[in-house]
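Spelled out from the first residue to the last, the chains are:
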Amino acid sequence: MHAANDLFIAARAAMAKSYAPYSKLSVGASLRTADGRVHSGGNIEVASYPEGWCAETTMLSDYVMAGGGPIAEICVVSEKMDLITPCGGCRQRLAEFASPGTKVYLCDQTGIAKTITMAELLPLGFRGDILK
Ligand code: THU
């Protein structure tokens, strides 16, 4: 079993709480901060489709409201799609708070199946440094 299997379990639990009556694609995401806190979220859809949002965004909201901090690991899972990867918008949102070396775990139905880094997930991403 993968050492971060607890993150897979947290992402699956969040996926079970997702609200996806339109696409019927439930997604769950979880992260662990460097100081060991776990945050998670599921996707939430809206009848006006573009107003819905992704599991990763719910997760980041939970994380920011709890105080944020350095992110060590991120995990994403979906029941219908093995190795689901965050959408383009969520890659940018994740990169806002994660580091290039943050581990990103992609899952199948049994657990973490592939590990990549944030830098691999969003190569050549826009960085906001110049805005500061
Ligand atoms: N979705 C996520 O929650 N995360 C992703 O990384 C990709 C897509 C959701 C959004 C929408 O509720 C459903 O999957 C279908 O696009």
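Here the residue index of a chain counts from 1 through its sequence in written order. For this predicted model, a pLDDT threshold of at least 70 governs which residues receive local features, and a threshold of 80 or more governs which side-chain atom pairs are given and counted, while totals over whole chains, interfaces and linings are taken from all residues. For the side-chain quantities, the full set of heavy atoms in the structure was used; hydrogens and water were omitted.

(A) Spatial organisation of helix H2 (residues 55-65). When accessible area is computed with a 1.4 Å probe and restricted to protein chains, residues below 20% of their type maximum are described as buried, those above 50% as exposed, and intermediate ones as partly exposed. To qualify as a helix, a DSSP run of H or I must reach at least 4 residues; to qualify as a strand, a run of E must reach at least 2; elements of each kind are numbered from the N terminus. Buried within H2 we find Ala 55, Glu 56, Thr 57, Thr 58, Met 59, Leu 60 and Tyr 63. Against the buried residues of H2 lie strand S1 (27-33), strand S2 (38-42), strand S3 (71-78) and helix H3 (88-97). For this analysis, residues touch if any pair of their heavy atoms sits within 4.5 Å.

(B) Spotlight on the pattern of salt bridges. Put simply, a salt bridge is a Lys or Arg side-chain nitrogen that is within 4 Å of an Asp or Glu carboxyl oxygen. Summed over the entire model, instances satisfying the criterion amount to 4 salt bridges. Among the salt bridges present, the one from Asp 6 reaches Arg 32, with a minimum N-O distance of 2.6 Å. Here Asp 6 is found in helix H1 (residues 5-16), whereas its partner Arg 32 is found in strand S1, with 26 residues between them in sequence. Asp 6 sits in the partly exposed class, given a relative accessible area of 36%. Ionic pairing is found between Glu 73 and Arg 32, a salt bridge with its closest N-O pair at 2.6 Å. Remark: Arg 32 occurs in strand S1 and Glu 73 occurs in strand S3; sequence separation between them is 41 residues. This pair shows no difference in class: Glu 73 is buried, exactly as Arg 32 is. Overlapping salt bridges, with partners in common, bring together Asp 6, Arg 32 and Glu 73 in one network.

(C) Summary view of the sheet that holds S1. Paired strands, in this sense, are two strands between which DSSP finds at least two bridges. The 5 strands are arranged S2-S1-S3-S4-S5 in an open sheet whose pairing can be described as mixed. Every other strand in the sheet has two partners, leaving S2 and strand S5 (112-117) as the edge strands with one partner each. The sheet shows a mean angle of 20° between the axes of neighbouring strands, taken without regard to direction. For helices, the fitted line uses only the C-alpha atoms of the stretch in contact; every axis is such a line through C-alpha atoms, and the angle between N-to-C directions lies from 0 to 180 degrees. The strands touched by H1 are S1, S2, S3, strand S4 (103-107) and S5; relative to S1, the strand with the most contacts, the crossing angle is about 140°. Relative to S2, H2 is tilted by about 140°, and along the sheet it contacts S1, S2 and S3.

Fair warning: the whole summary comes from geometry, so function is off the table for now.
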